[in-house]
Amino acid sequence: MGADGGAVARASVPDARGGRVSGGVDGNFVAPLPAESTRLTLHTMTTWTPLHNQPYHPIPYHPNRIPLAEALAESAAFRRRMDERRTVRMFSPDPVPEQLVLDAIAVANTAPSGAHQQPWTFVLVEDPQVRARIREAAEAEERISYRGRLGEEWLSALRPLGTDEHKPHLTDAPYLLVVFQQRFGLRPDGTTYKHYYGDESVGIAVGMLLTALHLAGLAALTHTPSPMKFLTEVLGRPRNEKAFAVIPIGYPAADAVVPDLVRKSMDQVLVRIRSDATHQAAVVSGLTG
Ligand SMILES: Cc1cc2nc3c(=O)[nH]c(=O)nc-3n(C[C@H](O)[C@H](O)[C@H](O)COP(=O)(O)O)c2cc1C
């Protein structure tokens, strides 16, 4: 337990690759963590480099198991809290503490990714002039989209959301976070390497980002103006990056409204293959999958 009564992150494994690990037998790196992080055992190399051809180097991972009663209470509370998350399109100009946004990006950066390639770049835009340029370019694309490019089926799916070609959130929200997907890895010498499961990896990272923002009491919008190529140019990103989403972040406007939506029920999204004996027997005999 740490001095504050919380557990501490601890790892006592020397890093054969010369990297620093958190924790350590001498206690030098044993730092108390805030309550929500205490169950993790962290192993952090000093710097990330592409893993190609590095040997497999297992290290112990022994997070504390959460007592069941606590786990049930926490997961129920988390579920309730996440059910309150809504996409917000009307933002207050109130300033947002920068650290909350940086923490959420750091959370996104912990996401799992194909071959641990972390194929994402987060560009955090505060500059009102840059945001104005992004809004202008996005609205130009959206005008074309809403006036026909999307097609009737897509437009009819969007109608209940009340969205149109006007995107005031791009300049109203105090922060604009543009998430880029690195389509391939780019070394400083200009050589490239493949990325695997980039779409899935960045999608998971953005999901974790949105979760972290919500838990910090912030609102966000996952905005995907299509096409998004202009973002690479406006933000001067390298050739291996393509924009994945534009995420205005802030507090909801005092008079913010959201569309009245119903989420699918568990019955509609969950298929269970139970481990009862009858079912197992049926699977084994090939009667059911
Ligand atoms: C991949 C993705 C793209 C989206 N693109 C847009 C968008 O371009 N504009 C917009 O207003 N909302 C966009 N949304 C937000 C969805 O409309 C919203 O998540 C959905 O209506 C459900 O509402 P909720 O997030 O409040 O539960 C997007 C969401 C996702 C996940």
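One can find the structure itself at the top, above this paragraph.
The structure presented is a predicted model; accordingly, all values stated were derived computationally and were not measured. Along each chain, numbering runs from 1 in the same order as the chain's sequence is written. Local features in this predicted model are restricted to residues of pLDDT 70 or higher, and side-chain atom pairs are both shown and tallied only at a pLDDT of 80 or more, whereas totals for entire chains, interfaces and linings draw on every residue.

**Some points on helix α6 (residues 198-215)**
- Strands here mean DSSP runs of E at least two residues long; helices mean DSSP runs of H or I at least four residues long; both are numbered from the N terminus. In this scheme, a helix's expected span is set at 1.5 Å multiplied by one less than its residue total. For α6, which comprises 18 residues, the first-to-last C-alpha distance of 26 Å matches the rise-based estimate of 26 Å (1.5 Å per residue) to within 8%.
- Partly exposed residues are those falling between the two cut-offs: more than 12 but fewer than 20 other C-beta atoms within 10 Å of their own, whereas 20 or more means buried and 12 or fewer means exposed, with C-beta atoms placed from the backbone. Among all positions in α6, only Gly198, Ser201, Val202, Ala205, Val206, Leu209, Leu210, Ala212 and Leu213 are buried.
- Looking at the buried positions of α6, the neighbouring elements they touch are α2 (98-108), β1 (120-125), β2 (175-182), β5 (219-220) and β6 (241-250).
- Phi turns positive, to about 80°, at Gly217, one or two residues after α6. Once C-beta atoms have been placed from the backbone, residue pairs whose C-beta atoms lie within 7 Å are recorded as contacts.

**Comments concerning α2**
- Of all the residues in α2, the buried ones are Val101, Ala104, Ile105 and Ala108. The buried residues of α2 occupy an angular sector of 100° when projected down its axis, which confines them to one face. Of the residues in α2, the exposed ones pointing more than 90 degrees away from the buried face are Gln99 and Leu102.
- At its buried positions, α2 is contacted by β1, β2, α6 and β6. By arc we mean the arc of the directions from the helix axis to the C-beta atoms, nothing more.

**As for the sheet that holds β5**
- With antiparallel pairing, the four strands of this open sheet are ordered in space as β1-β2-β6-β5. Looking at which strands have only one partner, the edges of the open sheet turn out to be β1 and β5.
- With eight bridges connecting them, β2 and β6 associate as antiparallel partners. Following the sheet pairing, Val178 is matched in β6 by Val246.
- For helices, the axis comes from a line fit to the C-alpha atoms of the stretch in contact; other axes are also lines fit to C-alpha atoms, and the angle between any two N-to-C directions lies between 0 and 180 degrees. Contacts from α6 reach β1, β2, β5 and β6, with the element oriented near 160° to β2. By definition, two strands form a pair when at least two bridges between them are found by DSSP.

**Description of the nonpolar core**
- By our criterion, buried Ala, Val, Leu, Ile, Met, Phe, Trp, Tyr and Cys residues that link up through C-beta atoms within 7 Å make up a nonpolar core. Counting 38 residues, the largest nonpolar core has Leu176, Val178, Val179, Val206, Leu209, Ala220 and Ile249 as the members making the most contacts within it.
- Of all the secondary structure elements, the ones that give two or more residues to this core are α2, β1, α3 (128-149), β2, α6, β5 and β6.
- Among the elements that make up this core, the one with the highest residue count is α6 (seven residues).
- Those residues in contact with Val179 that sit more than four places away from it in its chain are Trp120, Phe122, Val202, Val206, Phe244, Ala245 and Ile247.

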